[in-house]
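Listed here are the chains, written in short residue letters.
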Amino acid sequence: MNIKTIIRKVERHQHSLEEILADLRLIEGTGPLKTDHEAPLDHFEKRLLLGALERAKGNKSEAARLLKISRDRLRYKMAKHGLNPPNPHKR
């Protein structure tokens, strides 16, 4: 199961939160997740983005490939979660 499939299932509410977190653990290869007070789906999505960006060493094109989404979609999701670095050319 890839990340794109899991996100679609989350969006369609086909899995319970417990099943979604189990899927995420399989992808990340980690133990139980600790969530904060963010909405569970937002928290899940932000962690996926951060993980992909870390694995891609900040390369957005590579992170998008890892997540199997377009680069534009990645940039949109990064902005949604406040993950865009400041643009030094913008005033």
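Coordinates for the structure precede this section.
Residues numbered from 1 in each chain as written. Predicted model: local features only at pLDDT ≥ 70, side-chain atom pairs only at ≥ 80, totals over all residues. Heavy atoms only, no water.

1. Thoughts on the nonpolar core
Rules: Residue types Ala, Val, Leu, Ile, Met, Phe, Trp, Tyr and Cys, when buried and joined through side-chain atoms within 4.5 Å, form a set referred to as a nonpolar core. For every residue, the accessible area (1.4 Å probe, protein chains only) is compared with the maximum for its type, and the residue is labelled buried under 20%, exposed over 50%, or partly exposed between those bounds. Each helix is a run of DSSP H or I of at least 4 residues and each strand a run of E of at least 2, with the numbering of both proceeding from the N terminus. Every residue pair with non-hydrogen atoms within 4.5 Å of one another is taken to be in contact.
Judged by nonpolar contacts, the single largest core of 16 residues is most densely connected at Phe 44, Leu 48, Ala 63, Leu 67 and Leu 74. Every element with two or more residues in this core is listed here: helix H1 (3-12), helix H3 (40-55), helix H4 (60-67) and helix H5 (71-80). Among the elements that take part in this core, H3 stands out by supplying five residues, more than any other. Residues within four places of Leu 48 in sequence aside, it is in contact with Ile 3, Ile 7, Leu 24 and Leu 67.

2. Thoughts on the packing of H3 against H5
Which entries qualify depends on this criterion: Lines fitted to C-alpha atoms define the axes, with helix axes restricted to the stretch in contact, and inter-axis angles between N-to-C directions lie between 0 and 180 degrees. Oblique is the label for any angle not covered by the other classes, which are roughly parallel (under 35 degrees), roughly antiparallel (over 145) and roughly perpendicular (65 to 115). Note: crossing handedness is left-handed where the near helix turns anticlockwise from the far helix by less than a right angle, and right-handed where it turns clockwise. Residue classes follow a fixed rule: Ala, Val, Leu, Ile, Met, Phe, Trp, Tyr, Cys and Pro count as nonpolar, while Asp, Glu, Lys and Arg count as charged, and any other residue, Gly among them, counts as polar.
Here H3 crosses H5 at 120 degrees, and the two axes come no closer than 10 Å. Comparing the axis directions of H3 and H5 gives the class oblique. Handedness of the H3/H5 crossing: left-handed. Residues Asp 42, Glu 45, Leu 49 and Leu 53 of H3 pack against Leu 74, Lys 77, Met 78 and Lys 80 of H5. Residue composition of the contact of H3 with H5, by class: four nonpolar, no polar and four charged.

3. With respect to the packing of H3 against H4
Two numbers describe how H3 lies on H4: the axes approach to 8 Å, and their chain directions differ by 125 degrees. Put simply, H3 runs oblique to H4. At the point where H3 passes H4, the crossing takes the right-handed sense. On the side of H3, the interface is formed by Leu 48, Leu 49, Ala 52, Leu 53 and Arg 55, while H4 contributes Lys 60, Ala 63, Leu 66 and Leu 67. Of the residues in the contact of H3 with H4, the class split is seven nonpolar, no polar and two charged.

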